[in-house]
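What the coordinates show
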Amino acid sequence: MTPKEPLPAAPGPATGAQAGTPHRATAWSEARAVAARAGSTARAEREPRRLPLGQALGQVLAEPLLALTDLPSFDTSAMDGWAVAGPGPWTVRAETPVLAGHAPAAALAEGETVRIATGAPVPPGTTAVIRAEHSRTERTGALTGPGLLLHALRDVVSGQDIRPRGQECRSGDELLPVGTAVTPAVLGLAAAAGYDELPVPPRPRVEVLVLGDELLTAGLPHEGLIRDALGPMLGPWLVALGAEVLATRRIGDDAEELYAAVTGSAADLVVTTGGTAAGPVDHLHRVLDKAGATLLVDGVKVRPGHPMLLAALGGGRHLVGLPGNPLAAVSGLLTLAEPLLAALDGASPTGGRAPLLEEVHGHPHDTRLVPVVRRAERLVPLRYNGPAMLRGIAVADGMAVVPPGGARSGQELDVLDLPWPPTSGAVPAQGACFT
């Protein structure tokens, strides 16, 4: 279809699969796996960017880190002391000590020694380095004039205190695999191995489309209008997940405007809010159909947020459709957008497991995501966890993954971490709401 063709007619009353019955929706864990696979596939099609070492901190490696040289790249002294050749005592060569950063000294003949500093290249012929504190010198009265003899105060082992070339790695060795987080230590290793830049995945570009005629951007709710809570929240949340947010745009309940925004976006990931169900102004499915998109996930067995969706737009681009209710949208963000963005970056979503402090009610058939805080290494469920509520997530440390049927006190649950430091807010009593 061309952009000027009309959208398909709006569906009638939802029945069967359109009504979100269990057989249509994807299991929660499988939905996350689908999103991660989609991100991995798209990542394989993207060229890495190369950042100077000072700008790569906090990124992940897009390619294996291969040694560009032997480390060390020449035989070096591990200590301040004496480079010696053969058995002692040794005649001290009257010359400037061998220093790091300077050209190597002339080769040592058997029975000769020369002062050497840590990190300096050992002269050819060196059999060992003797630490300064493990040696003594004495003046001699040889026929050729006064000189110095070096004596070892301990047994000398061939090769001692010499860092041989290639001790740490040989040129071409894999030092770190793809996906390694770039820490300060990684920057140091990369510099030692000869890198000026590091290959990292390009930051995923995201555009947020906030849908709905009922949304206000300022002032108090009135006359059926409500404040837009998702516009101010989603952009910073996506940035915290490592994305580059190109824009947050507000679009009314207009199918053609939504189609133009989705097909005209330059983003790798388009995130929409609302319009994912089958109501009279829920246009997203029809827009995706006209755009030739492929639905990868169309509904998830999770509460809140079950009408969420994931679609492939072509060319490695994707769309995540979030429900319009705020906590349901957070559920969709953590279920679909986070694993997709992490895979695009070559990383993994963060999380862990911890035991519950108290029982949590569950949905009979679906996974439930509940805001929690950690107290004394246990999960405390938060009360305000309805699909339209943000009061619980605002003080949460994460979202606990509650299996169908609920979880008992002491049961270990998976936790989806939030991409910012834990809060220290008060812990309200647990309450149940999974409608």
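Because the structure is predicted, anything quoted here is derived from the model rather than measured. Per-chain numbering applies: the sequence of each chain, read as written, is numbered from 1 onward. Restriction of local features to residues with pLDDT of at least 70 applies here, the model being predicted, together with a cutoff of 80 or more for giving and counting side-chain atom pairs; totals for whole chains, interfaces and linings are based on all residues. Values shown for side chains rest on all heavy atoms present in the structure; no hydrogens or waters enter the calculation.

Examining the sheet that holds strand β21 (residues 309-314)
With mixed pairing, six strands are arranged side by side in an open sheet as β17-β14-β18-β22-β21-β19. Strands at the two margins of the open sheet, each flanked by one partner only, are β17 (244-251) and β19 (294-298). Adjacent strand axes in the sheet meet at a mean angle of 20° when their direction is disregarded. For two strands to count as paired, DSSP must find a minimum of two bridges between them. Elements are defined by DSSP. Helices are runs of H or I of four residues or more, strands are runs of E of two residues or more, and each kind is numbered from the N terminus. As judged from the five bridges shared by β21 and strand β22 (residues 317-322), these two strands associate in the antiparallel manner. When the bridges of β22 are listed, A311 appears paired with L319. Under this scheme, a helix contributes an axis fitted over its contacting stretch, all axes are lines through C-alpha atoms, and angles between N-to-C directions fall in the 0 to 180 degree range.

So, the packing of helix α1 (residues 28-44) against helix α6 (residues 326-344)
Their axes nearest at 7 Å, the elements α1 and α6 cross at an angle of 30°. On the basis of their axis angle, the class for α1 and α6 is roughly parallel. Considering how the two elements wind past one another, α1 and α6 form a crossing that is right-handed. Across the interface between the two elements, W28, A31, R32, A35, A36, A38, G39, S40, A42 and R43 from α1 touch L334, T335, L336, E338, P339, L340, A343 and L344 from α6. Of the residues in the contact of α1 with α6, the class split is 12 nonpolar, three polar and three charged. Should an angle lie under 35 degrees it is considered roughly parallel, over 145 roughly antiparallel, and from 65 to 115 roughly perpendicular; all remaining angles are considered oblique. A clockwise turn of the near helix away from the far one marks a right-handed crossing, whereas an anticlockwise turn of less than a right angle marks a left-handed crossing. The criterion used for residue contact is that any of the two residues' heavy atoms lie within 4.5 Å. In the scheme used here, Gly and all other residues not listed as nonpolar or charged are polar, with Ala, Val, Leu, Ile, Met, Phe, Trp, Tyr, Cys and Pro taken as nonpolar and Asp, Glu, Lys and Arg as charged.

Re the pattern of salt bridges
Between side chains of opposite charge, pairing is possible as soon as their charged atoms come close. In the sections that follow, a salt bridge refers to a side-chain nitrogen of Lys or Arg positioned within 4 Å of a carboxyl oxygen of Asp or Glu. The full count for this structure, using the stated rule, is 15 salt bridges. Between R37 and E30 there is a salt bridge, with the nearest N and O atoms lying 2.9 Å from each other. Three exposure classes are used, based on accessible area relative to the maximum for each residue type with a 1.4 Å probe and protein chains only: buried under 20%, partly exposed in between, and exposed over 50%. Among the residues examined, R37 registers a relative accessible area of 46% and is labelled partly exposed. We note a salt bridge from D366 to R303, for which the minimum N-O separation is 2.8 Å. Here D366 is found in the loop between β23 (351-355) and β24 (367-375), whereas its partner R303 is found in strand β20 (residues 300-303), with 63 residues between them in sequence. The pair D366 / R303 is uniform in exposure class, with both members buried. Because the salt bridges share partners, they merge into one network encompassing R46, R205 and D268.

What to know about the layout of surface pockets
For the second largest pocket, the calculated volume is near 410 Å³. Along the walls of the second largest pocket sit 19 residues, with A240, L241, G242, D345 and A347 positioned nearest its centre. Taken together, the elements giving at least two residues each to the lining of the second largest pocket come down to α3 (230-240) and α6. The leading source of residues in the lining of the second largest pocket is α6, at three residues. For the lining of the second largest pocket, the residue count by class is 11 nonpolar, five polar and three charged. Here a cavity denotes grid points, spaced 1 Å and computed from the protein atoms alone, that fit a 1.4 Å probe unable to get out, and a pocket denotes an open set having protein on both sides within 12 Å along at least 5 of 7 lines; residues with an atom within 4 Å of a point are the lining. Grid points are joined across faces, edges and corners, and a volume is the space filled by probe spheres set on the points.

Focus on the environment of V372
With respect to the element layout, V372 can be found in strand β24. For V372, a relative accessible area of 2% gives the class buried. A C-alpha to C-alpha distance of 7.8 Å links V372 and I393, two positions 21 residues apart in sequence. In this view, V372 contacts L379, V380, P381, L382, A396, D397, G398, M399, A400 and V415; residues no more than four positions away in its chain are not counted.

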